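Next come the chains, spelled out residue by residue.
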Amino acid sequence: MLAFAGVSVFALLSATASAQQTTTVVTPAGSTQLDRLVVVRGPSPISSTGTIGQPAPVFVGGQIAAGTTLGALGIRSVQETPFSITGYTNALIETQQAQTVGDVVLNDPSVRNDASPFSERDAFFIRGFSVTNLDTAYDGLFYLANPRRSFLEGIERVEILKGPSAFVNGGVGRIGGTINLIPKRAGVDPLTKVTASYNSNSQFMTHLDFGRRFGVNNELGVRFNGSYRNGNTAYDHNIAEVGVVALGLDYQGERVRASLDINHATQNIDAPTSLFNSAAAGIAIPAAPNGSINLSSPFEYHDSTHNMVAGRVEFDVLPTTTIYAAGGVSRYREDFVSSSHQIVNANGNARSTLAIQPQQIQGFTGEVGVRTEFDTGPVGHQVSVSYSQSLNENYRGGFAPASIILPATYLNNIYAPVFLANGSVNTSAFPRSDNLPLFASLLSTSFAVSDTLSFADDRFLLTLGGRYQAMKSESFNTRPDRGALGVRNYLYEDGRFSPAIAAAFNVTDAFTVYGNYVEALTEGPTAPLTATNSGQIFAPVVNTQREVGFKYDTGAMLLTAALFDIQQPNGYTAPGGAFDLNGLQVNRGLELTASGEPIEGLRLLGGVTLMDARLAKTAGGMLDGKLVPGVPSFALSLYGEYDLPFIAPGLSVNGRMIYTGTTFYDQANTQQVADWTRFDVGMSYETDGPNGKPMELKAAIENVFDSSYWASSARTYLSAGAPRTFKVSASMEF
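Residues numbered from 1 in each chain as written. Predicted model: local features only at pLDDT ≥ 70, side-chain atom pairs only at ≥ 80, totals over all residues. Heavy atoms only, no water.

A. Main features of the overall build of the chain. Each helix and strand counted, the chain has three helices and 42 strands in total. Relative to a compact globule of 734 residues, whose C-alpha radius of gyration would be 27 Å, the chain shows 25 Å and is just as compact. Taking the principal axes of the C-alpha coordinates as reference, the chain spans close to 75 × 60 × 45 Å. Taking the contacts inside the chain whose residues are at least 6 apart along the sequence as the reference set, 67% of them involve residues at least 24 apart. By element, 60% of the accessible surface of the chain is carried by carbon and sulfur atoms, the whole surface being about 27800 Å². With 48 positive and 63 negative side-chain charges, the chain shows a separation of 3 Å between the mean positions of the two kinds. (Helix = DSSP H or I, 4+ residues; strand = E, 2+ residues; numbered from the N terminus. Rg over C-alpha atoms; globule rule 2.2 N^0.38 Å. Contact = heavy atoms within 4.5 Å. Areas by Shrake-Rupley, 256 points an atom, 1.4 Å probe, with all protein chains shown as cover. Lys, Arg positive; Asp, Glu negative; His and termini not counted. Charge placed at Lys NZ, Arg CZ, Asp CG, Glu CD.)

B. Main features of the pattern of salt bridges. Counted under the stated rule, the structure contains 28 salt bridges. Between Arg488 and Glu474 there is a salt bridge, with its nearest N and O atoms 3.1 Å apart. You can see Arg488 sitting in strand E28 (residues 488-506) and its partner Glu474 sitting in strand E27 (residues 460-476), a full 14 residues away along the chain. Assessed through its relative accessible area of 12%, Glu474 is described here as buried. (Salt bridge = Lys/Arg side-chain N within 4 Å of Asp/Glu carboxyl O. Buried < 20%, exposed > 50% of the residue type's maximum accessible area, 1.4 Å probe, protein only.)

C. Examining the packing of aromatic side chains more closely. Under the defined criterion, the tally for this structure stands at 10 aromatic pairs. Taken together, a centroid distance of 5.9 Å and an interplanar angle of 70° make the contact between Phe511 and Tyr552 edge-to-face. A residue pair is termed long-range when its members are at least 10 positions apart, and Phe511 in strand E29 (residues 511-522) and Tyr552 in strand E30 (residues 541-553) qualify at 41 residues. For Phe511, a relative accessible area of 25% corresponds to the partly exposed category. (Phe/Tyr/Trp six-rings, centres within 6.5 Å; stacked < 30°, edge-to-face > 60°.)

D. Inspection of the environment of Leu559 at higher detail. Positionally, Leu559 belongs in strand E31 (residues 557-573). The exposure class assigned to Leu559 is partly exposed, which follows from its relative accessible area of 31%. Apart from residues no more than four positions distant in its own chain, Leu559 is found in contact with Phe550, Lys551, Tyr552, Thr554, Thr593 and Ala594.

E. Structural detail: the nonpolar core. One finds Val101, Tyr138, Leu152, Val158 and Ile179 to be the most contacted residues of the largest nonpolar core, which totals 41 residues. When residues in this core are grouped by element, the largest group, four residues, is from strand E12 (residues 155-162). (Core = buried A, V, L, I, M, F, W, Y, C linked by side-chain atoms within 4.5 Å.)

F. View of the side chain of Ser712. As for its position among the elements, Ser712 is in strand E40 (residues 710-712). A polar contact is formed between the side chain of Ser712 and the side chain of Asp114, at a distance of 2.6 Å. Excluding its chain neighbours within four sequence positions, the residues that come into contact with Ser712 are Asn113, Asp114, Tyr717, Leu718 and Ser719. (Polar contact = N/O pair within 3.5 Å; in protein donor to acceptor, adjacent residues only side chain to side chain.)

G. Region of interest: the pairing of E27. With respect to burial, E27 is a largely interior element, 12 of its 17 residues being buried. Here 16 bridges tie strand E26 (residues 438-455) to E27, and the two strands are oriented antiparallel to one another. If you follow Phe447 over to E27, its bridge partner there is Tyr468. Taken together, E26 and the strand that follows it, E27, pair antiparallel across an intervening segment of four residues, in which Ala456 is found at a positive phi of about 50°. Two strands pair when backbone bridges link them, and E27 and E28 are joined in this way by 17 bridges, in the antiparallel orientation. Residue Lys472 lies in a different strand from E28, and its bridge partner there is Glu493. (Pairing = 2+ DSSP bridges.)

H. Region of interest: empty space enclosed by the protein. Inspection of every chain in the model, using the stated rule, returns 16 cavities of 30 Å³ or more. In this structure, the largest cavity spans a volume of roughly 670 Å³. When contributions to the lining of the largest cavity are tallied by element, the ones reaching two or more residues are helix H2 (101-104), strand E8 (111-113), strand E16 (220-233), strand E17 (239-252), strand E18 (256-270), strand E38 (676-688), strand E41 (719-720) and strand E42 (725-733). A volume near 390 Å³ is recorded for the second largest cavity. (1 Å grid on protein atoms, 1.4 Å probe; cavity = no way out; pocket = protein on both sides within 12 Å on 5 of 7 lines; lining within 4 Å. Points joined across faces, edges and corners; volume = space filled by probe spheres on them.)

I. Region of the structure containing the sheet that holds strand E13 (residues 177-183). Here four strands make up an open sheet; going across it, the order is E7-E12-E13-E11 and the pairing mixed. Among the strands making up the open sheet, the edge pair consists of strand E7 (84-88) and strand E11 (137-138).

J. Region of the structure containing unusual backbone geometry. Residue Asn201 is bonded to the preceding Ser200 through a cis peptide linkage, with omega at 15°. Within the secondary structure layout, Asn201 lies in strand E15 (residues 201-214). Although it is not a glycine, Asn669 sits at a positive phi angle of roughly 65°. Within the chain, Asp706 stands out as a residue other than glycine whose phi angle is a positive 55°. Looking at the secondary structure, you find Asp706 in the loop between strand E39 (694-702) and E40. Taking the relative accessible area as the measure of exposure, Asp706 reaches 24% and is therefore partly exposed.

K. Focus on a nonpolar patch on the surface. Together, Phe214, Leu220, Tyr251, Val256, Val313, Phe315, Val317, Leu318 and Ile323 make up an exposed nonpolar region whose accessible area comes to about 710 Å². Among the elements that line the nonpolar patch, the one with the most residues is strand E20 (residues 301-318), at four residues. Structurally, the position occupied by Val256 is in strand E18. (Patch = residues over 30% accessible without salt bridge, like charges linked within 9 Å, V, L, I, M, F, W, Y side chains within 5 Å.)

L. Representation of the confidence of the model for the chain within the structure. On average, the chain scores 88 in pLDDT, and the residues at 70 or more come to 90%. In the model, residues 1-47 has pLDDT below 50 throughout and makes 115 contacts with residues more than four positions away in sequence or in other chains. (pLDDT = per-residue confidence, 0-100.)

M. Fine view of the sheet that holds strand E10 (residues 129-132). Spatially, three strands are ordered E8-E9-E10 in an open sheet, and the strand pairing comes out antiparallel. The sheet is open, and its two edges are formed by E8 and E10, each paired on a single side. Each adjacent strand pair in this sheet contributes to an overall mean axis angle of 30°, direction not counted. Where E8 meets strand E9 (residues 123-126), three bridges bridge the pair, whose relative direction is antiparallel. When the bridges of E9 are listed, Arg112 appears paired with Phe125. (Axes fitted to C-alpha atoms, helices over the stretch in contact; angles between N-to-C directions.)

See the structure below:
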């Protein structure tokens, strides 16, 4: 029932050990018909009930995928899926020299980064709602990916599902959307690729990508990615050292498929910036400093390690029925001494404070399920049933300032930093992350069932289903100044069924109209550091989304439009007071996107988002109608590549424009943050290396005009954008 019209597909068919099979690739009208291909057995590019193997085909242009993974629903065609979802390909990741998920999401106008690239983490706003990297899924499994920053060396695709995602992805996630990482798998052709790169100011990196398939029918695959980078970044006295190892194993049998992923990442940062920089209430927000200015003292640091193991197995009971099981474990540790600042006036004067809070975050997840397809008369069915459970544990030191000798708050300025002297803080006396008490845990257990009914030769698809979610959330005292250690100070345990209904009508083979209504139970908010009750965890909340839209595949371009209404209980921090829930946040928006190759040699990707995000039903109506802080009314992301064969075969140039409109910093809408625009340019040259195998040279300049801007103003935090940054890389296959 999967259709991939208007996409570039190279079909790999099964072959026995003694025979090969051939096929003709079907291409959209007006495209070039490829010759018959003779191929040996490799992983199937698409399975209607399975998910292990090569990823789905790509749309024309190669920048986005034609199919994505929808959790328990399996791999579905983007065009026929009644949700807003995009899968960014490895080709785009490599062309843009992206290193983290935060680099990739800038291609989507409905997604913006909520943290500086010079901090230790990535955080996002999707459709105007906060989505932390802790909520990122790895191959459909939660609490396994690095909770702070996901590196891309071992990642084939970055998928973004917008809107509440608990229905398809399990009992966790955020209302704005979910980011899912698809790991690399070994292809049919052997691969040994070495890449060397340089980022300003003196950041060097080496990356090895190795892939092989073994066995009579190429049934066993091995994909290894390893990288190391170190050096000064474009941020003053900021040094980043990152090591990544990703090993992906997979088995492709006649009826059994399995995969195993083992990942490790180390990130050590000197003088990192903090996520928790803010502005005092009532002041005019000053102009952003140049992105190279760093307020952190040189002795500050953030050191972390992340380890993860994930496995998945599928068995085809029948040709159209698959049972599966998946699970994994992860552990993340971080030690740091880091400062944050609060701006106190329009001149950029600030108060800076040092903090220490070693942490350990552990994740456990498991899922079992079945997917099947069958017909009842003229009606087709795609039925999915799944059970999942995930546990997230957070271990913290939680030390009160008085328990560690730290300098008092000191005066600073965002344009002229003041640094503490080396040796003024005895960092060697601080506790480490390897022996900490349990601070909080969240156990999510869910059961989901759905049936996608197809009528009139698959012209009309109706998905009915829902997910029962049970959550147990608890926290414990880890602060010596707040009573006995280990005492449970919060417990919430409850569950509910969240329904979902979605429909897609294929008006023609190329034009689809869709709509959906989904509910989701999501983790309750946590009071921010700026609140007097910082760290308090609130009960899970119920969110809703209504969405309608269309998807049109012209054969050269995929055009989409989505109109949505999302409602979530609103968190509010009174000036100088406590954080609490107050009314609703109602985000209504229109998304228009395009991707493809409208003319030969020109590839485009991007779109615009218009958003009306307002508060409603607040206490006494005090904030009703106010715009939600940090959410722009207009955002644009436009990226393009253009080939220059008349200059040199394999040469292309690219550019990107990112615009984010004005926002408000506070819920009363008295503090405004200016809009900003960033331009990036680059080039790529592909040719044969000295050994006759492919070689690629790339160069890019991000933020060409060195613009100074506040890249994020959400969650009462202010994050300055990165300065002009140069990137070059060279890769060669062996």
